[in-house]
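Letter by letter, the chains look like this.
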Amino acid sequence: MITVESVALQYPALTRVPTAIFDAITSWGLAGLNRRILAQFRQPTGWVGHLVGGVMTLEHAPVTAWALDLLQPGAGEQILDAGCGSGQALRALARRVMFGRFTGIDYSATMVAQARRRNRKLTAAGRCQIEQADVACLPFADATFDKICTIETLYFWPDPAAAFAELFRVLKPQGRMAAVLEYTRDGNDPEQMALLEQQGGLRVYSQAQVERLFREAGFVNVKVSFVPAKKWLYVEGARPTATASAH
Ligand SMILES: C[S@@+](CC[C@H](N)C(=O)[O-])C[C@H]1O[C@@H](n2cnc3c(N)ncnc32)[C@H](O)[C@@H]1O
């Protein structure tokens, strides 16, 4: 079966087209256009948001596959994707893991609709649930999930410490959470990153800053993977058992 993920893996150059257009707009300094595009990545809305969801699906398929390899989802686990966008990571998770249960949240109604459509068979089978929610206020009980991933989202969170505290709360002791980013201060053009911040209101982090967010929220065993050629950053941390020290 031909899927977005298989096309993205077979023809990686194709996935760079949206980024190339976006990078060109950034470097041309088209501030107004750039602001409107980036606002859609922050919270996709309406029919343009549906298109942006399609672009993100194509563009994020390779980094998502890489991140899920590192996260190593296990059979029977409950996994949360925070800021699930079009729901492609949920679908990729279900392909890798039998008997797991996958939950997505996103505060964009447009993305929740797209993610539900993409995962309708999984949802009908009772393996997937997608809710509209803000990452800083999650509608789940304490210690619900074995693993959490959040892919290409951190830039947009106004209060990252509050979001990390909330994600820590819903993770089980000994559970692991991963944050994955393509735009960081490590290896990317500083001028382009500055434009992203000025025109898009994104927060571009360094690897050390992301690690600090994990540690300050109480995560332990914080580990980092970085692909210099692609500037992909993966940082993960574990929630300690109740008796272990928090830092
Ligand atoms: C760039 S997209 C990435 C989507 C998906 N993770 C992917 O890799 O394709 C960022 C997503 O995070 C969502 N988002 C941003 N801030 C959020 C927040 N505070 N709470 C929930 N979702 C948020 C947006 O609506 C958007 O769907």
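How each quantity is defined
- Residues numbered from 1 in each chain as written.
- Predicted model: local features only at pLDDT ≥ 70, side-chain atom pairs only at ≥ 80, totals over all residues.
- Heavy atoms only, no water.
- Pairing = 2+ DSSP bridges.
- Helix = DSSP H or I, 4+ residues; strand = E, 2+ residues; numbered from the N terminus.
- Axes fitted to C-alpha atoms, helices over the stretch in contact; angles between N-to-C directions.
- Contact = heavy atoms within 4.5 Å.
- Core = buried A, V, L, I, M, F, W, Y, C linked by side-chain atoms within 4.5 Å.
- Buried < 20%, exposed > 50% of the residue type's maximum accessible area, 1.4 Å probe, protein only.

**Student:** Describe the sheet that holds strand S2 (residues 101-106), with residues and values.
**Tutor:** Reading across the sheet, the seven strands line up as S3-S2-S1-S4-S5-S7-S6 and stay open at both edges, with mixed pairing between neighbours. A single partner strand is all that each edge strand has here, and the edge strands are strand S3 (128-132) and strand S6 (220-227). Ignoring strand direction, the axes of neighbouring strands in this sheet form an average angle of 15 degrees. Looking at chain direction, strand S1 (residues 78-82) and strand S4 (residues 145-151) are connected through three bridges and run parallel. Each bridged residue has a counterpart across the sheet, and for Leu 80 the counterpart in S4 is Ile 148. Running at roughly 140 degrees to strand S5 (residues 171-181), helix H8 (residues 160-170) makes contact with S1, S4 and S5 of the sheet.

**Student:** Outline the nonpolar core, listing residues and values.
**Tutor:** Leu 80, Leu 167 and Phe 214 are the most contacted members of the largest nonpolar core, which totals 36 residues. Mapped by element, the contributors of at least two residues to this core are S1, S4, H8, S5, helix H9 (190-200), helix H10 (207-217) and strand S7 (232-238). No other element matches H8, which puts five residues into this core. In this view, Leu 80 contacts Thr 103, Ile 105, Leu 138, Phe 140, Phe 145, Lys 147, Ile 148, Cys 149, Leu 167 and Val 170; residues no more than four positions away in its chain are not counted. With 25 residues, the next largest nonpolar core counts Ala 94, Val 112, Ile 151 and Val 180 among its residues.

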